[in-house]
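Structure at a glance
If you want the building blocks of each chain, they are given just below.
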Amino acid sequence: MSEAIRFYDRALSAMSRRQLLNAAWKLGVAAMVQPLASTRTLAQPAFSKYPFTLGVASGDPWPDSVVLWTRLAPDPLDGGGMPADRIEVGWEVARDSAFRTIARKGMTLARPELGHSVHVEVDGLLPNREYWYRFRAGSEISQVGRTKTAPAAGAAVDRLRFAVCGCSHYEAGYFTAYRRIAEEDFDFVFHSGDYIYEDRADGGRNPAVVRQHLGQEIFTLVDYRNRFAQYKSDGDLRAAHASAPFIVSWDDHEVDNDYAADADEHDTPPEVFLLRRAAAYQAYYETMPLRQSALPSGPSMRLYRRLRFGSLIDMSVLDTRQYRSRHACGVLLASDCAAASVPSRTMLGTEQERWLLEQLPNAHATWTVIAQQVPTFARDTVAVNPQGRFSMDKWDGYTASRDRLYTRLKETKASNPIVLSGDVHVHYGADLKLDFRNPSSQTIGVEFTNTSISSGSDGADVSPAWEKIRQDNPHIKYHSARRGYVACTATPASMRADFRVLEKVTMRDLPVTTAGSLVVEAGRPGAITD
Ligand SMILES: [Fe+2]
């Protein structure tokens, strides 16, 4: 008997014998297995297994509000194990971890349409404060999460600390870096995407793989739900979410490797690929601590948004996957692709680009942070000829879009631009040049690229081609090819990036160390090695 049916047994036991007989008469005995599907709201569900297996999360902190997330899934790896009913879920936000002083509490519904996920936008909170939260369904109580609101609009802020992380391949290594993020109690965490990988189980082909994906490559909503749930089965990942609010964006692997808008890497007809994208986007929404504004509509989901942290940080979160033009020259690496510079090509899409460029002059914080996925700085991945060799999947394949962004930052005198990125599975810290072909051209900001949590397995101190890359890319000021995350400390005077690394991710629970640091001084563009 499935968990869902056991659940029904308990619900049905609450019905009178007359109600049962009436229902059986009207619906037939077979229909009793799924009686009155999706018509009921259960206030006191009885679970035969613990429903909060996926943990808790919070996200998108505002001065008076955060979003709280959980998803009921007593059978997480097999669709969730919930019946097609709405479930009442209570939530509490407290000023202390023991829940002595309750700040806010309420009730929400976990709906079958959204995989019994809940997204509670709690308001009425105080700015720049720590809070603790938990959920209740029936007699079951979730684990406790810690969160923190943003400082008040315009308020002076001495210091904020945040992590930048991404690219956690379940098979490639353990998620120790997520555990170390949890231990730092950051003010927030920016996740730059590749939260899951869509590929099938390795099946023993790669000896470096430490654990296996369940099943084949994922295509359907249930496939994506199960894959997200498998990743959430990792206690280190759940601990990171429970430690601080996450500000998430996605990259390609939440849907399919290297996809561009409606084009995947297998020449699937766009109208077919968009069905897969819709399933993936819905599962992403169901799994992430996102506000209602991100609720998907078919294959569309608005993920770009702005967050403000007092007078210290103005953060624009971008989506460089959903609206981008297809890869220039139809390749991923190109030495001489004139099409990459065609002005009509777009990385952000018309609407998002207009939104971003219009708001940059209104950013009045010390640090103008642009938080996104793929490196914006030119990265000649080893010059095989005088034109270099560039990835068409990054902003190098969309140079007109990059020029428009950098020029806007310059013209509006944006305050201390800091770009965040990930995707390439190595740490970089780079100066952003108006013209990367000319090392003496103006520096308009700095980019911190986080390595992977585990993708690429253990890695090495530097990439094999690093010496050559360094010669061809003098704007790159720091590099490491170990796994880890970037720990950033923002103050009114400086932005510091500590590049945290682990010696191995194929062994559990190793310590994290700082392999190197860069500092940007406010008012002085360019990174300095610390
Ligand atoms: Fe990745």
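Everything below is about the structure shown above.
It should be emphasised that the depicted structure is a prediction, and the values quoted were computed from it without experimental measurement.

1. Some remarks on the overall build of the chain
- What the chain contains, in helices and strands, is nine helices and 25 strands.
- Scaling as 2.2 N^0.38, a compact globule of 530 residues should have a C-alpha radius of gyration of about 24 Å, and the chain matches this with 24 Å.
- Its C-alpha atoms put the chain at 85 × 50 × 45 Å along the principal axes.
- For the chain, buried positions account for 60% of its 530 residues.
- For the chain, restricting intrachain contacts to residue pairs at least 6 apart in sequence, the fraction spanning at least 24 positions comes to 70%.
- Accessible surface for the chain amounts to roughly 20,600 Å². Of this, 51% is attributable to carbon and sulfur atoms.
- Charge separation in the chain, taken as the distance between the mean sites of 62 positive and 64 negative side-chain charges, equals 5 Å.

2. Comments concerning the layout of surface pockets
- Considered as a void within the structure, the largest pocket measures approximately 740 Å³ in volume.
- In this structure, the largest pocket is lined by 31 residues; those nearest its centre are Gln387, Phe390, Thr399, Arg402 and Arg437.
- If you tally residues by element for the lining of the largest pocket, the top one is helix α8 (residues 399–411), at five residues.

3. Considering the packing of aromatic side chains
- For the structure shown, the criterion picks out 20 aromatic pairs.
- Plain terms: the ring middles of tryptophan 250 and tyrosine 281 are 4.0 Å apart, the flat faces sit at 25° to each other, and that makes the pair stacked. Of this pair, tryptophan 250 sits in the loop between β12 (246–248) and α6 (270–287) while tyrosine 281 is found in helix α6, placing the two residues 31 residues apart along the sequence.
- These aromatic residues form a ring-pair network of at least three members: Tyr195, Phe228, Trp250, Tyr281 and Tyr284.
- Cation over ring: arginine 134 sits above phenylalanine 99, and NZ or CZ is 3.8 Å from the ring centre.

4. Comments concerning the coordination of the iron ion
- Within the protein, Cys167 (SG), Asp194 (OD), Tyr197 (OH) and His425 (NE2) serve as the donor atoms for the iron ion, at 2.1 to 2.6 Å.
- The sequence pattern describing where the donors of the iron ion fall on their chain is C-x26-D-x2-Y-x227-H. Pair noted here: cysteine 167 is in the loop between β10 (160–165) and α3 (176–184) and histidine 425 is in the loop between β18 (417–421) and β19 (427–433), with a separation of 258 residues, a long-range link.
- By relative accessible area, cysteine 167 is classed as buried at 1%.

5. Comments concerning the state of the cysteines
- Applying the stated rule across the entire model yields one disulfide.
- Each disulfide pairs two cysteine sulfurs, and for cysteine 329 the partner residue is cysteine 337, the sulfurs being separated by 2.0 Å. An S-S torsion of about 100° defines the bridge between cysteine 329 and cysteine 337 as right-handed.
- Under the relative-accessibility criterion, cysteine 329 is labelled partly exposed at 47%.
- Residue classification places cysteine 337 among the buried positions, given a relative accessible area of 11%.
- Just so you know, cysteine 165 is unpaired, no disulfide at all, and the nearest cysteine sulfur is the one on cysteine 167, 9.5 Å from it.

6. Description of helix α7 (residues 350–359)
- Among the residues of α7, Gln352, Glu353, Trp355, Leu356, Leu357 and Gln359 are the ones counted as buried.
- The inward-facing, buried residues of α7 contact β13 (305–309), β14 (313–317) and α8.

7. Quick notes on the side chain of aspartate 236
- Within the secondary structure, aspartate 236 is located in helix α5 (residues 235–243).
- A polar atom in the side chain of aspartate 236 sits 2.7 Å from the side chain of arginine 179.
- Ignoring anything within four residues of it in the chain, the contact list for aspartate 236 reads Phe175, Thr176, Tyr178 and Arg179.

Criteria and thresholds
Each chain carries its own residue numbering, running from 1 in the direction its sequence is written. Since the coordinates come from a predicted model, pLDDT governs what is reported: local features require at least 70, and pairs of side-chain atoms require 80 or more to be given and counted, while whole-chain, interface and lining totals use all residues. The side-chain values count all of the structure's non-hydrogen atoms but skip hydrogen atoms and water molecules. Put simply, DSSP H or I for four residues or longer makes a helix, DSSP E for two residues or longer makes a strand, and each gets a number counted from the N terminus. Here the globule rule reads 2.2 Å times residues to the power 0.38, and the radius of gyration is calculated from C-alpha atoms. Throughout, exposure labels follow a simple rule: accessible area from a 1.4 Å probe, protein chains only, divided by the maximum for the residue type, with under 20% read as buried, over 50% as exposed, and the rest as partly exposed. We call two residues in contact whenever any of their non-hydrogen atoms come within 4.5 Å of each other. Residue exposure ignores everything except the shown protein chains as possible cover, and the areas themselves are Shrake-Rupley values with a 1.4 Å probe. The positive count covers Lys and Arg only, the negative count covers Asp and Glu only, and His and the chain ends enter neither. Here the site of a charge means NZ on Lys, CZ on Arg, CG on Asp, or CD on Glu. In this analysis a 1.4 Å probe is tested at points of a 1 Å grid over the protein atoms alone, and where it fits but cannot get out there is a cavity; an open set with protein on both sides within 12 Å along at least five of seven lines is a pocket; lining residues have an atom within 4 Å of a point. Grid points are joined across faces, edges and corners, and a volume is the space filled by probe spheres set on the points. Aromatic pairing here means that ring centres of Phe, Tyr or Trp (its six-membered ring) are within 6.5 Å. Orientation follows from the plane angle: under 30 degrees is stacked, over 60 is edge-to-face, and everything else is tilted. For a ring to carry a charge above it, either NZ of a lysine or CZ of an arginine must fall within 6 Å of the ring centroid while also lying within 35 degrees of the normal to the ring plane. Excluding water, the donors of a metal are its N, O and S neighbours within 2.8 Å, or within 3.2 Å for Na, K and Ca, and that exclusion means sites may look incomplete. In this description, the term disulfide denotes a pair of cysteine sulfurs within 2.5 Å. Nitrogen and oxygen atoms within 3.5 Å of one another constitute a polar contact, given that in protein one can donate a hydrogen and the other can accept it, and given that sequence-neighbouring residues count only through two side-chain atoms.

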